[in-house]
Amino acid sequence: MEENEDASTLLVVDGANVVGSVPDGWWRDRRGAAERLRDALVAVAGSGLPEHPGPLEVVLVVEGAARGVPGLPEVRVVEASGSGDDRIVELVRAARAEHPDRSCLVVTADRELRSRVGALGAAVTGPRSVRP
């Protein structure tokens, strides 16, 4: 059976919000913190999350000092030229327009972003769901 791209869940991760959810010194090396998150997301891409079995298409959105983090085969990294939240909304909007029945899950604790992507039909989960 050939894998259909719209059959797997699109997982969009708010990198700044997830990294900032744990006070582990990330502010001293924002790019390094984003790289560690990207690396942790490799396992999530394969195994999935509760209620969203893998494989997942994983997109990590980075901004500011975290820009320049390269992607991996399992985790696409998208740089936000401005607001990371706006870029996440754009990604969800485009995915829903292309595949209206595809499941989209956004990882963030940001209340406004949760509301914005929820209005587009995306589900939302908190940072703990993807933290190692």
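Nothing here was measured: the structure is a model prediction, and the numbers come from that model.

1. A word on the environment of Gly64
Alright, step 1. Following the sequence through the fold, Gly64 ends up in the loop between strand 4 (57-62) and strand 5 (75-79).
Alright, step 2. Exposure remark for Gly64: the relative accessible area of 39% places this residue in the partly exposed category.

2. Thoughts on the side chain of His99
Alright, step 1. Examined against the element boundaries, His99 turns out to sit in the loop between helix 3 (84-98) and strand 6 (104-107).
Alright, step 2. At a separation of 3.4 Å, a polar atom in the side chain of His99 contacts the side chain of Glu98.

3. Focus on the environment of Ser47
Alright, step 1. One can find Ser47 in helix 2 (residues 30-47).
Alright, step 2. Residues Ser47 and Glu90 lie 43 residues apart in sequence; the distance between their C-alpha atoms is 26 Å.
Alright, step 3. Apart from residues lying up to four places away in sequence, Ser47 is in contact with Pro53 and Gly54.
Alright, step 4. Polar side-chain contacts of Ser47 include one of 2.9 Å to the backbone oxygen of Ala43.

4. As for the packing of helix 3 against helix 4 (residues 111-118)
Between two packed helices, what matters for the description is the angle formed by their axes and the separation of those axes.
Alright, step 1. One can describe the packing of helix 3 onto helix 4 by two numbers: an axis separation of 10 Å at closest approach and a directional angle of 20 degrees. As summarised for this structure, helix 3 and helix 4 are arranged roughly parallel, according to the angle between their axes. Pair helix 3 / helix 4 crosses with right-handed handedness. Contacts from Asp85, Asp86, Ile88, Val89 and Val92 of helix 3 reach helix 4 at Leu113, Arg116 and Val117.
Alright, step 2. Of the residues belonging to the contact of helix 3 with helix 4, the class tally is 5 nonpolar, no polar and 3 charged.

5. Side note on the nonpolar core
The nonpolar side chains of a soluble globular protein tend to be buried with one another.
Alright, step 1. In terms of nonpolar packing, the biggest core is built from 23 residues, with Leu11, Val13, Leu41, Val58, Leu60 and Val130 touching the most fellow members.
Alright, step 2. Elements represented by at least two residues in this core include exactly strand 1 (10-14), helix 1 (15-19), helix 2, strand 4, strand 5 and strand 6.
Alright, step 3. Looking at this core element by element, the count peaks at 6 residues for helix 2.
Alright, step 4. Beyond its immediate chain neighbours, meaning those up to four positions away, Leu60 contacts Val13, Gly15, Ala34, Leu37, Arg38, Leu41, Val75, Arg76, Val77 and Val78.
Alright, step 5. By size, the runner-up hydrophobic cluster in this structure holds 16 residues, among which are Ala80, Leu91, Leu113 and Ala122.

6. Quick look at helix 2
One full turn of an α-helix is made of 3.6 residues, so residues set three or four places apart face in the same direction.
Alright, step 1. When the terminal C-alpha atoms of helix 2 are compared, their 26 Å separation across 18 residues agrees well with the 26 Å that a helix rising 1.5 Å per residue should span.
Alright, step 2. Within helix 2 the residues assigned to the buried category are Gly32, Ala33, Ala34, Leu37, Arg38, Ala40, Leu41, Val44 and Ala45.
Alright, step 3. On the buried face of helix 2, the contacting elements are strand 1, helix 1, strand 2 (48-49), strand 4 and strand 5.
Alright, step 4. Gly48 sits one or two positions beyond helix 2 and adopts a positive phi of about 85 degrees.

Rules used in this analysis
Residues numbered from 1 in each chain as written. Predicted model: local features only at pLDDT ≥ 70, side-chain atom pairs only at ≥ 80, totals over all residues. Heavy atoms only, no water. Helix = DSSP H or I, 4+ residues; strand = E, 2+ residues; numbered from the N terminus. Buried < 20%, exposed > 50% of the residue type's maximum accessible area, 1.4 Å probe, protein only. Polar contact = N/O pair within 3.5 Å; in protein donor to acceptor, adjacent residues only side chain to side chain. Contact = heavy atoms within 4.5 Å. Axes fitted to C-alpha atoms, helices over the stretch in contact; angles between N-to-C directions. Parallel < 35°, antiparallel > 145°, perpendicular 65-115°, else oblique. Left-handed = near helix turned anticlockwise from the far one by under 90°. Nonpolar A, V, L, I, M, F, W, Y, C, P; charged D, E, K, R; others polar. Core = buried A, V, L, I, M, F, W, Y, C linked by side-chain atoms within 4.5 Å. Expected span 1.5 Å × (residues − 1).

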